[in-house]
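Residues per chain are reported as follows:
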Amino acid sequence: MGVEDVHYRANDDGEPNNSAGMPIYGQIQSFAVTNVLVAVARVFGGTKLGVGGLITAYKETAKLALENSVITEKVLMERLSLSFEYAEMDTIMRFIKKYQLEIIDQKLHLDCEIIVSVQKDSLPSVLELLEAYHKITTKILE
């Protein structure tokens, strides 16, 4: 799965239709995790469990695996270039401190450039605030 453009794949791999892949995927959705792979191997059961038993077995196994996993949360960041004349340095540094932006790189000459890291969900508001400073040029870096 992705975060913005969600892609997923669920496979029953020979089991009855929708008895393995989709119950596992349902658990992934209920835990609201992305960028994850959950694989379950069945060693016993088959016809003795029946389709309902298979669904329960795959679903519960995926649930147990996710409950016992260490889930790491990552914040999506964007890099933003701020270009300005050296005379604007104090203004820029106060802005960076006020909005808790992380400086990644800086080139401080007569014409300066500072590259900062901004949380992706905060980027539109940061860009809007920077528009008020007419002597500063911003550029989102890939």
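Residue positions are given per chain, counting from 1 as you read along its sequence in written order. Confidence filtering applies because this is a predicted model: local features only for residues at pLDDT of at least 70, side-chain atom pairs given and counted only at 80 or more, and all residues used for totals across whole chains, interfaces and linings. Excluded from the side-chain calculation are hydrogens and water; included are all heavy atoms of the structure.

Engineer: Break down a nonpolar patch on the surface for me, with residues and values.
Structural biologist: Residues Val-6, Tyr-8 and Met-22 make up a contiguous nonpolar surface patch of about 270 Å² in total accessible area. Helix and strand assignments come from DSSP, with helices taken as H or I runs of at least 4 residues and strands as E runs of at least 2, each series counted from the N terminus. Following the sequence through the fold, Val-6 ends up in the segment before helix H1 (21–30). Exposure classes here rest on a 1.4 Å probe applied to the protein chains alone. A residue is buried below 20% of its type maximum, exposed above 50%, and partly exposed in between. For Val-6, a relative accessible area of 42% translates into the label partly exposed. Note on patches: the residues involved have over 30% relative accessible area and no salt bridge, like charges join within 9 Å, and the nonpolar side chains Val, Leu, Ile, Met, Phe, Trp and Tyr join within 5 Å. Computed with a 1.4 Å probe, the accessible areas rest on the Shrake-Rupley method; for each residue, only the protein chains presented here act as cover. Each salt bridge in this description consists of a side-chain nitrogen of Lys or Arg and a carboxyl oxygen of Asp or Glu lying within 4 Å of one another.

Engineer: So what about the nonpolar core? Which residues, and what values?
Structural biologist: The nonpolar core is taken to be a set of buried Ala, Val, Leu, Ile, Met, Phe, Trp, Tyr and Cys residues, with the residues joined through side-chain atoms within 4.5 Å. If you look at the biggest cluster of nonpolar residues, it comprises 17 residues, and the most contacted ones within it are Leu-80, Leu-82, Phe-84 and Val-116. Going through the elements one at a time, strand E1 (77–85), helix H3 (89–98), strand E3 (111–119) and helix H4 (123–130) are the ones with two or more residues in this core. Contacts were defined at the residue level, with two residues in contact if any of their heavy atoms lie within 4.5 Å. With sequence-adjacent residues up to four places away left out, Leu-80 is seen in contact with Ile-114, Ile-115, Val-116, Val-118, Leu-123, Val-126, Leu-127, Leu-130, Thr-138, Lys-139 and Ile-140. Residues Ala-20, Ile-24, Leu-54 and Ala-62 belong to the second largest nonpolar core, which totals ten residues.

Engineer: A description of H1 should follow, citing residues and the corresponding values.
Structural biologist: Where H1 is concerned, the buried positions are Gly-21, Pro-23, Ile-24, Tyr-25, Gln-27 and Ile-28. Each element contacted by the buried residues of H1 is listed here: helix H2 (50–67). Phi turns positive one or two residues past the end of H1, at Ala-32, with a value near 55°.

Engineer: Can you tell me about unusual backbone geometry, naming the residues and giving the values?
Structural biologist: Of note in this structure, Ala-32 is not a glycine but carries a positive phi near 55°. Examined against the element boundaries, Ala-32 turns out to sit in the loop between H1 and H2. Positioned with a positive phi, Asn-35 is a non-glycine residue whose angle comes to about 55°. Positionally, Asn-35 belongs in the loop between H1 and H2.

Engineer: Just give me the short version of the pairing of strand E2 (residues 102–107), but keep the residues and values in it.
Structural biologist: For two strands to be treated as a pair, DSSP must find at least two bridges joining them. Summarising the sheet, E2 and E3 pair through five bridges and their orientation is antiparallel. The residue bridging Lys-107 from the neighbouring strand is Glu-113, located in E3. Taking the residues that link successive antiparallel strands as the turn, the E2-E3 hairpin has three residues.

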